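The residues making up each chain are set out below.
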Amino acid sequence: MSDLLQNLRQRTDETISQLRSAVVEYKSVCYASSLGPESIVLTDLIWGAVPQIEIFSIDTGRLFPETHDLIERLQVRYGRTLRMYYPDAEALENWVGENGINGFRDSVEQRHGCCGIRKVQPFRRAIAGHGAWVTGIRRGQSASRALAAPVEWDSIYGLHKVSPLLDWSEKDVWDYIHSKGLPYHTLHDRGYPSIGCAPCTRAVHAGQDPRAGRWWWERAESRECGLHPRRPVPAAGSHVPGVSA
Ligand code: SF4
């Protein structure tokens, strides 16, 4: 077996083991798919090896058409339907009525308001009643994500948070996708490493921060969607409560 396949086998086995342990420990576990490359890996592992975990995604109403195409391609490949959650229609109508159709560009507060209605509220409905939710975050994605632990108590949402891809590199993720010929978002091949809503995502240049194309008009500190709030990055030697060293 080549080194590449051996590495992937080891990563895969560890991840499946973590997912199965989460099911044993927390009984009802769900996975919030962002439909990014990490989601493709986790969808393949969950639907292939740990189908007790419910996978869902959120349709904010402002997604790229290519995102819907990807959902369809995943459903065809696995012969399963991805559970979709949508924003509350009345709350969204009121928000747009007060702030305008693209009011999320006017201030960070308004942007968080839009993400709150289109993403966070549907997410809260989706995880309600579950003992744990799975995320696809990796340590290499940002300084704040580097501090995450494989299993944490998520005090914001009131359930456990399981992150089984923390130690995967970006190369591991893409090696896995290509080695299995999995469907992935076509915009990744057009300069979009991180993809969210269409009006809030643009392509980045080679060498730029992969998340530089998300909410690019804002200061870097505010560029999270609300599902993974940034934690403070400690100075060397200091300690952030609840986070393993
Ligand atoms: Fe609204 Fe943009 Fe957030 Fe999507 S990413 S929910 S359009 S502010």
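## Thoughts on the overall build of the chain
Turning to step 1, where the next piece is worked out: Broken down by element type, the chain carries six helices and six strands.
Turning to step 2, where the next piece is worked out: Counting from the amino terminus, helix and strand elements in the chain follow one another as α-β-α-β-α-β-α-α-β-β-β-α.
Turning to step 3, where the next piece is worked out: The 245 residues of the chain split such that 50% are buried.
Turning to step 4, where the next piece is worked out: For the chain, restricting intrachain contacts to residue pairs at least 6 apart in sequence, the fraction spanning at least 24 positions comes to 69%.
Turning to step 5, where the next piece is worked out: Surface summary for the chain: the accessible area is close to 12000 Å², and the carbon and sulfur share equals 52%.

## A few points about the site of the ligand
Turning to step 1, where the next piece is worked out: Close to the ligand lie Phe-104, Arg-111, Cys-114, Cys-115, Arg-118, Lys-119, Cys-197, Cys-200 and Trp-215, which account for all nearby residues.
Turning to step 2, where the next piece is worked out: Along the lines of polarity and charge, the residues of the shell around the ligand split into six nonpolar, no polar and three charged.

## Regarding helix H6 (residues 170-180)
Turning to step 1, where the next piece is worked out: Restricting attention to buried positions, one finds in H6 the residues Asp-172, Val-173, Trp-174, Asp-175, Tyr-176 and Ile-177.
Turning to step 2, where the next piece is worked out: At its buried positions, H6 is contacted by helix H1 (3-26) and helix H2 (37-49).
Turning to step 3, where the next piece is worked out: Taken from the residues just after H6, Gly-181 is the one with a positive phi, measuring 60°.

## Quick word on helix H5 (residues 108-127)
Turning to step 1, where the next piece is worked out: Residue Gly-116 marks the point of greatest curvature in H5, where the axis turns by about 45°.
Turning to step 2, where the next piece is worked out: Those residues of H5 not exposed but buried are Arg-111, Cys-114, Cys-115, Gly-116, Ile-117, Arg-118, Lys-119, Val-120, Pro-122, Phe-123, Ala-126 and Ile-127.
Turning to step 3, where the next piece is worked out: Buried-residue contacts for H5 involve strand S1 (29-32), strand S2 (54-58), strand S3 (83-85), helix H4 (89-99), strand S4 (132-134) and strand S6 (159-162).
Turning to step 4, where the next piece is worked out: Among the residues trailing H5, Gly-129 stands out with phi positive, at a value near 90°.

## What about the pairing of strand S5 (residues 151-154)?
Turning to step 1, where the next piece is worked out: Residues Glu-152 and Asp-154 line the buried face of S5, whereas the alternating positions Val-151 and Trp-153 sit on a face that is not buried.
Turning to step 2, where the next piece is worked out: Note that S5 and S6 share four bridges and pair antiparallel. Each bridged residue has a counterpart across the sheet, and for Glu-152 the counterpart in S6 is Lys-161.
Turning to step 3, where the next piece is worked out: The turn joining S5 and S6, which pair antiparallel and follow one another in sequence, is formed by four residues; a positive phi near 75° is taken by Gly-158.

## Here we look at the packing of aromatic side chains
Turning to step 1, where the next piece is worked out: Here the structure, examined in full by the defined rule, presents ten aromatic pairs.
Turning to step 2, where the next piece is worked out: Consider the rings of Phe-56 and Phe-123, whose centres lie 6.2 Å apart with planes at 45°: the pair is tilted. Note that Phe-56 is positioned in strand S2 and Phe-123 in helix H5, a separation of 67 residues in sequence.
Turning to step 3, where the next piece is worked out: Linked through ring pairs, Phe-56, Tyr-85, Phe-123, Trp-133 and Tyr-157 together constitute an aromatic cluster.
Turning to step 4, where the next piece is worked out: Taking the ring centre of Tyr-78 as reference, the NZ or CZ of Arg-77 above it sits at 5.8 Å.

## Considerations on the nonpolar core
Turning to step 1, where the next piece is worked out: One finds Leu-19, Val-29, Val-41, Ile-46, Ile-53, Val-134 and Ile-177 to be the most contacted residues of the largest nonpolar core, which totals 35 residues.
Turning to step 2, where the next piece is worked out: Among the elements of the structure, H1, S1, H2, helix H3 (65-78), S4 and H6 are those that each provide at least two residues to this core.
Turning to step 3, where the next piece is worked out: For Ile-177, the residues in contact, after removing those within four places along its chain, are Pro-37, Ile-40, Val-41, Leu-182 and Tyr-184.
Turning to step 4, where the next piece is worked out: Counting residues in each nonpolar core, the second largest holds twelve residues, with Cys-30, Ile-58, Tyr-85 and Ala-126 among its members.

## Focus on the packing of H4 against H5
When two helices pack together, their arrangement is given by the angle between the helix axes and by the axis-to-axis distance.
Turning to step 1, where the next piece is worked out: One way to put it is that H4 packs onto H5 with a least axis distance of 11 Å and a crossing angle of 165°. Between H4 and H5, the angle is such that the two are roughly antiparallel. Crossing hand, H4 versus H5: left-handed. When H4 is examined against H5, the residues Ala-91, Leu-92, Trp-95, Val-96 and Asn-99 are found in contact with a partner set consisting of Gln-110, Gly-113, Cys-114, Ile-117, Arg-118 and Gln-121.
Turning to step 2, where the next piece is worked out: Here the residues of the contact of H4 with H5 sort into six nonpolar, four polar and one charged.

## Some thoughts on unusual backbone geometry
Turning to step 1, where the next piece is worked out: A positive phi angle, near 65°, is found at Lys-27, a position not held by glycine.
Turning to step 2, where the next piece is worked out: Exposure remark for Lys-27: the relative accessible area of 61% places this residue in the exposed category.
Turning to step 3, where the next piece is worked out: For Trp-215, which is not a glycine, the phi torsion comes out positive at approximately 45°.
Turning to step 4, where the next piece is worked out: Along the polypeptide, Trp-215 turns up in the segment after H6.
Turning to step 5, where the next piece is worked out: Exposure remark for Trp-215: the relative accessible area of 1% places this residue in the buried category.

How each quantity is defined
Residues numbered from 1 in each chain as written. Predicted model: local features only at pLDDT ≥ 70, side-chain atom pairs only at ≥ 80, totals over all residues. Heavy atoms only, no water. Helix = DSSP H or I, 4+ residues; strand = E, 2+ residues; numbered from the N terminus. Buried < 20%, exposed > 50% of the residue type's maximum accessible area, 1.4 Å probe, protein only. Contact = heavy atoms within 4.5 Å. Areas by Shrake-Rupley, 256 points an atom, 1.4 Å probe, with all protein chains shown as cover. Near = heavy atom within 4 Å. Nonpolar A, V, L, I, M, F, W, Y, C, P; charged D, E, K, R; others polar. Bend = angle between axes of the 7 residues up to and from the residue. Pairing = 2+ DSSP bridges. Phe/Tyr/Trp six-rings, centres within 6.5 Å; stacked < 30°, edge-to-face > 60°. Lys NZ or Arg CZ within 6 Å of the ring centre and 35° of its normal. Core = buried A, V, L, I, M, F, W, Y, C linked by side-chain atoms within 4.5 Å. Axes fitted to C-alpha atoms, helices over the stretch in contact; angles between N-to-C directions. Parallel < 35°, antiparallel > 145°, perpendicular 65-115°, else oblique. Left-handed = near helix turned anticlockwise from the far one by under 90°.

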